[in-house]
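# Observations on the model geometry
Spelled out from the first residue to the last, the chains are:
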2 protein chains.
Amino acid sequence: METNIEESIKTYGKKIDNLLKEIIPPDRDDYLSEPIWHHLRTGGKRIRPAICLITCKELGGNPDEALYFALAIEILHNMFLLHDDIEDEDTMRRDQPTVWVKYGIANAVNSGDYLLARAYQSILTSPTPIERKMKLLEIFTLTYEKTVEGQALDINARGAKDFTVEKYIDMVELKTGYYLACGMVGGAVASGNSDGTIDKIWKLGKLMGPAFQIKDDLIDLTKGKGRGGVIGSDIKEGKASFLYAYTSEVANEDDKESLIEIMAKQREETTENDIKHVLEIYKKYGVMDCAQKYADDLIKQTYNIIDDIPTNNKTVFKDIANFMTQRMS
Amino acid sequence: METNIEESIKTYGKKIDNLLKEIIPPDRDDYLSEPIWHHLRTGGKRIRPAICLITCKELGGNPDEALYFALAIEILHNMFLLHDDIEDEDTMRRDQPTVWVKYGIANAVNSGDYLLARAYQSILTSPTPIERKMKLLEIFTLTYEKTVEGQALDINARGAKDFTVEKYIDMVELKTGYYLACGMVGGAVASGNSDGTIDKIWKLGKLMGPAFQIKDDLIDLTKGKGRGGVIGSDIKEGKASFLYAYTSEVANEDDKESLIEIMAKQREETTENDIKHVLEIYKKYGVMDCAQKYADDLIKQTYNIIDDIPTNNKTVFKDIANFMTQRMS
């Protein structure tokens, strides 16, 4: 069944790519196409929009009715990447210089703003009945807003002194949860068979978001985040990860103090020894195992919610939940 | 009649301020309220939203039906100020440090993003029939998009070698034109009496935008732009002004070359002598008089369009056009 999801993602991905070129033409002489397509050409598997179309189809709808909304999600995702790279001062993405590095902060901020405008235009031009279209605009705006709220918590939790697992969960529910669920919610709305499903899918997002994010936090310590395979870039960044949150709660005063001190350092001041030291602290308290268990438990909880979704094909939702929390990084 | 407009702006301004506090509560502990209200507290006369409500009323509608859209325009305006200050590296606004200076670029970018989300939410929660609401969302998105397109041209025209009056007009039609007209367009739609008016009001914007912007460019050379009354900050910035565009076209090679050289300099490298030299070049070619005439001519053209708008009260549109091109800076 997972193979089916991967196949669907490939098929739908091509549809999305074609519409993307229509909604954001790659070769306009407007100082927007160039930075935006510099970013878009670095890749992207179109997983988020594909999940939207799969959901629409599985609930008995016509995926073409969800296509413009699905594209809007993909555009929103890329808008966030553009702005987040500025906010996080990330200089490389998928082995290319980030937009702000190549085109300057002014063009990067403005290009992100333009992407958002095009995302809204995509939904507005969608050939969907007006009531459904309004619902899609509400879902999109809610997702956009909550993700920004989560990002605000994230930015300001870096190297924070009083960070907790509870604060971490609040943050990632906002920053990642709406984001992961909105494709499914929009797919359900576009199918016309959304009665009784929407609230449950949002709840799914509140579990999948943290599950996905915790696994993403772990990847930084195991295989690195694809920026040259370097381990511990979240530590350099002082990122408010699950590992940081959990350790802040359970470590003794000495360990907690050295952890916070290292996390609060500027990226360029963090040494390799600092990273090793943090990894030792994490190991001492078994933080990685605990993170893995916490994420697995969240995924189990998603199954209970999926059992409540009024659809004949619950397998597809379970496959999506597994896929999105395990394969996306 | 102009006094009436000023009075209406005051009355409506209070309504807008009250709703603003509802849509963006000032005292939330979310790392967004604080930077946003740091900016919002520096002032703002709520002219744009008030013009929207005046238009709605004059066309026979109920201004309360336009209120949430009017607020969205005000929020959009402030979102652009937040992002523009980052893009232009402006450190002060209305005698206060700009948001990016006080709270960092990350929080400033993200706070701007949040404002936009709240602007859309404001329209979405508006108690307006669904067809009108969808139209308002289209008008808002179009305005947002075109303004960003204009900003892209603006950023990249700084110190440009081949700048022309035509390019300047294209840029400010986008960057300022939609922006000035959208309140009136939205007010017309919300009134329910928009037949035959919308296209004409957009055209009005395409004249008012450049007229307003040319006058704004002149202010920088006469009384300064309210940042400590310093003259010539557009020259320091290398801003693509009407004066720069016109002079690029009419000046001899020597003057053109020194002009471009000074405009292309980094802000901190531009000396007082540089500014004096540019002012001398402008005087030599009578650029200021020409700019004034060009703007006056645009305003005359707006009257012809207003005569075509199917309403009994054309005076109010003329007053608005005058007010918005003369009083807003």
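In what follows, the structure referred to is the one given above.
Anyway, here's the lowdown on the structure attached to this text.

Quick notes on the rules
- Residues numbered from 1 in each chain as written.
- Chains lettered and ligands numbered in written order.
- Predicted model: local features only at pLDDT ≥ 70, side-chain atom pairs only at ≥ 80, totals over all residues.
- Least-squares fit on C-alpha atoms with pLDDT ≥ 70 in both.
- Contact = placed C-beta atoms within 7 Å.
- Axes fitted to C-alpha atoms, helices over the stretch in contact; angles between N-to-C directions.
- Helix = DSSP H or I, 4+ residues; strand = E, 2+ residues; numbered from the N terminus.
- Parallel < 35°, antiparallel > 145°, perpendicular 65-115°, else oblique.
- Left-handed = near helix turned anticlockwise from the far one by under 90°.
- Nonpolar A, V, L, I, M, F, W, Y, C, P; charged D, E, K, R; others polar.
- Buried ≥ 20, exposed ≤ 12 C-beta atoms within 10 Å, placed from the backbone.

## Things to note about the relation of the copies chain B and chain A
With an RMSD of 0.0 Å, chain B superimposes on chain A once it is rotated by 180° and translated 0.0 Å along the axis. These values place the two chain copies in the arrangement generated by a two-fold rotation axis. Here 100% of the interface residues in chain B have copies in chain A that are interface residues too; the copies meet face to matching face.

## Considerations on the packing of helix α4 (residues 67–87) of chain B against helix α5 (residues 99–124) of chain B
All names here are of chain B. At their nearest, the axes of α4 and α5 sit 8 Å apart, and the two run at 160° to each other. Relative to α5, the element α4 lies roughly antiparallel. The two elements α4 and α5 meet at a crossing, and its hand is left-handed. Residue classes in the contact of α4 with α5 are distributed as 18 nonpolar, five polar and two charged.

## Remarks on the interface of chain B and chain A
Listed by partner, the interface residues are 33 residues for chain B and 33 residues for chain A. Residue assignment for the side of chain B that touches chain A shows that the elements contributing at least two residues are α4, α5 and α6 (130–157) of chain B. Per-element tally for the side of chain B that touches chain A: the top contributor is α6 of chain B, with 15 residues. Among the residues forming the side of chain B that touches chain A, the class breakdown is 19 nonpolar, seven polar and seven charged.

## Quick notes on unusual backbone geometry
Positive phi, normally seen in glycine, also occurs at Arg 94 of chain A, with a value near 45°. With respect to the helices and strands, Arg 94 of chain A occurs in the loop between β1 (92–93) and β2 (96–97). Positive phi, normally seen in glycine, also occurs at Tyr 31 of chain B, with a value near 65°. The exposure class assigned to Tyr 31 of chain B is buried, which follows from the 21 C-beta atoms found within 10 Å.

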